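In case you want the letters, here they are:
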Amino acid sequence: MYNIRKIDDDLTFVGVNDRRLNLFENVHPLPEGVSYNSYLLKDKKNVLFDTVDWSCGRQFFENVEAALDGQDLDYIVVHHAEPDHAATLDEILIRYPKARVLCSAKAKTFLEQFGHDVANRVDTVKNGDTVSFGKHELTFIAAPMVHWPEVMVSFDSTTGTLFSADAFGSFKTLDGVLFEDEINGAEEIAWLNEARRYYTNIVGKYGKNVQMLLKKAAGLDIKMICPLHGVIWRHDIARFIEKYDLWSRYEPEHLGVVIACGSMYGNTEQAADILANALVQRGVKRVRFFDVSKTHPSYVIAAIFRYSHLVIASPTYNLGIYPPVHNLIDDMKNLNIQNRTISIVENGSWAIKCGTLIGEELEGLSDCSILGNRVTLKSSVSEDNRESLIALAQAIADDIYAKKN
Ligand code: FEO
């Protein structure tokens, strides 16, 4: 049975919730699911904005049919060819044989690479092209690498609606909510956390490209943002754009410390705990502690984007960096983390190498600096180590206070 909702007189939400997928891109946990958003515009020409993942096809086809209410479909805009948004395109083309696809030339190539039979059904558009559907006029804006190279967003100047593709998206199913102003206060933080985790892990690498898109968007009178995942933004758009601006410039939202700790037998963890204790006692209000063996890196990455300082605590393992810590550092490099102040705690029973190796790995990150003296444990925390950890906490607290003032 269909489940749709009117956004305004002409636009209807026809997207779907996916509560069955465990891992987004088969990588990132989805404890609260994800939505695949799709929108149907009814005008002289009827236009479908993107499709959904194949797993939710049945609900989606019913939604589109109900929203069309007996009318035919004229166009399908493909802003982004990734399968979570384009997998059901073929079936839509079969069901609506007169419909034509509007997308970038690169999107056409990607659709064909993914095996979609679109060769004679596509009209390619490029940056700045405008298409009128009757009352509504749509301008296409190239947004390469937000999140793939073929991505375009589009702006309906009649209603001030930005169809933003993956930009401004979020993990988490909609659960009856469609607009951000329908989220109640207690849930708002959960939404922002999942929006941050989505942005930082999915689009975070491409801050420069997001900045270019934000500059283009600044010239538009945007009244509503319709992304391909998560809630529609219409009430406090400026607040979310401000977050996007910070994230895409790799600027922290808050002065605070993420402790990313790997520990085999609890000794490195004990050192990190002593450090956390000392930080809070020195007035550092925002300390987030992660056991990287237990917490998926997507959560740690989101926290690293959020806060200014990072402590990496790791045992030496096979003469290298403890694998879960190494994995996190790889993610940091892949996601282009910049502009963070980082401290290191290392451990080992012999040939203690991981601190040096972590330092070498971090050299590849832009505008990151090492703060304080590296603390080296030999198997467990000694009295000297304890003093060094407290000195490191003091150095971090001093740095935070200096940056605050
Ligand atoms: Fe939601 Fe880049 O796909």
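Our subject is the structure that appears above.
Structural notes, computed from the coordinates.

So, how was this worked out
- Residues numbered from 1 in each chain as written.
- Predicted model: local features only at pLDDT ≥ 70, side-chain atom pairs only at ≥ 80, totals over all residues.
- Heavy atoms only, no water.
- Helix = DSSP H or I, 4+ residues; strand = E, 2+ residues; numbered from the N terminus.
- Rg over C-alpha atoms; globule rule 2.2 N^0.38 Å.
- Contact = heavy atoms within 4.5 Å.
- Areas by Shrake-Rupley, 256 points an atom, 1.4 Å probe, with all protein chains shown as cover.
- Lys, Arg positive; Asp, Glu negative; His and termini not counted.
- Charge placed at Lys NZ, Arg CZ, Asp CG, Glu CD.
- Pairing = 2+ DSSP bridges.
- Axes fitted to C-alpha atoms, helices over the stretch in contact; angles between N-to-C directions.
- Parallel < 35°, antiparallel > 145°, perpendicular 65-115°, else oblique.
- Left-handed = near helix turned anticlockwise from the far one by under 90°.
- Nonpolar A, V, L, I, M, F, W, Y, C, P; charged D, E, K, R; others polar.
- Salt bridge = Lys/Arg side-chain N within 4 Å of Asp/Glu carboxyl O.
- Buried < 20%, exposed > 50% of the residue type's maximum accessible area, 1.4 Å probe, protein only.

**Topic: the overall build of the protein**
Link 1 in the chain: Counting secondary structure elements, the protein contains 12 helices and 23 strands.
Link 2 in the chain: Against the 2.2 N^0.38 benchmark of 22 Å for 405 residues, the protein shows a C-alpha radius of gyration of 24 Å, consistent with a compact globule.
Link 3 in the chain: By its C-alpha atoms, the protein is 75 × 45 × 35 Å across when sized along the principal axes.
Link 4 in the chain: A separation threshold of at least 6 residues defines the contact pool for the protein, and within that pool the share at least 24 residues apart is 73%.
Link 5 in the chain: Here the protein displays about 17,300 Å² of accessible surface, and carbon together with sulfur accounts for 48% of that area.
Link 6 in the chain: Mean positive and mean negative side-chain charge positions of the protein (42 and 54 charges, respectively) differ by 2 Å.

**A look at the environment of Ala105**
Link 1 in the chain: Examined against the element boundaries, Ala105 turns out to sit in helix α4 (residues 105-113).
Link 2 in the chain: Separated by 21 residues in sequence, Ala105 and Lys126 place their C-alpha atoms 7.6 Å apart.
Link 3 in the chain: Other than its neighbours up to four places away in sequence, Ala105 contacts Thr124 and Val125.

**Here's the deal with the sheet that holds strand β14 (residues 152-156)**
Working definition: the strands of a sheet are paired by backbone hydrogen bonds and lie parallel or antiparallel to each other.
Link 1 in the chain: Spatial ordering of the open sheet is given by β12-β13-β14-β15-β16, a layout of five strands whose pairing is mixed. Bordering the open sheet on either side are β12 (130-132) and β16 (224-226), each of which pairs with just one other strand. Averaged over all neighbouring strand pairs, the angle between strand axes comes to 20°, with direction disregarded.
Link 2 in the chain: In terms of strand pairing, β14 meets strand β15 (residues 161-163) through three bridges, oriented antiparallel. Within β15, the residue paired with Phe155 across the bridge is Leu162.

**Describing the packing of helix α10 (residues 323-334) against helix α11 (residues 354-362)**
Link 1 in the chain: Remark: α10 packs on α11, axes separated minimally by 10 Å, with the N-to-C direction vectors making an angle of 15°. As far as their axial angle goes, α11 and α10 are roughly parallel. Taken as a pair, α10 and α11 cross one another with a handedness that is right-handed. Across from Val325, His326, Ile329, Asp330, Met332 and Lys333 in α10, the residues of α11 making contact are Ile358, Glu361 and Leu362.
Link 2 in the chain: Classifying every residue of the contact of α10 with α11 gives five nonpolar, one polar and three charged.

**Overview of the pattern of salt bridges**
Link 1 in the chain: Evaluation of the coordinates by the stated rule reveals 21 salt bridges.
Link 2 in the chain: We note a salt bridge from Lys135 to Asp10, for which the minimum N-O separation is 2.8 Å. Taken together, the residues Lys135 in the loop between β12 and β13 (137-142) and Asp10 in the loop between β1 (5-6) and β2 (11-13) connect sequence positions 125 residues apart.
Link 3 in the chain: By relative accessible area, Lys135 is classed as exposed at 53%.
Link 4 in the chain: Because the salt bridges share partners, they merge into one network encompassing Glu32, Lys172 and Glu187.

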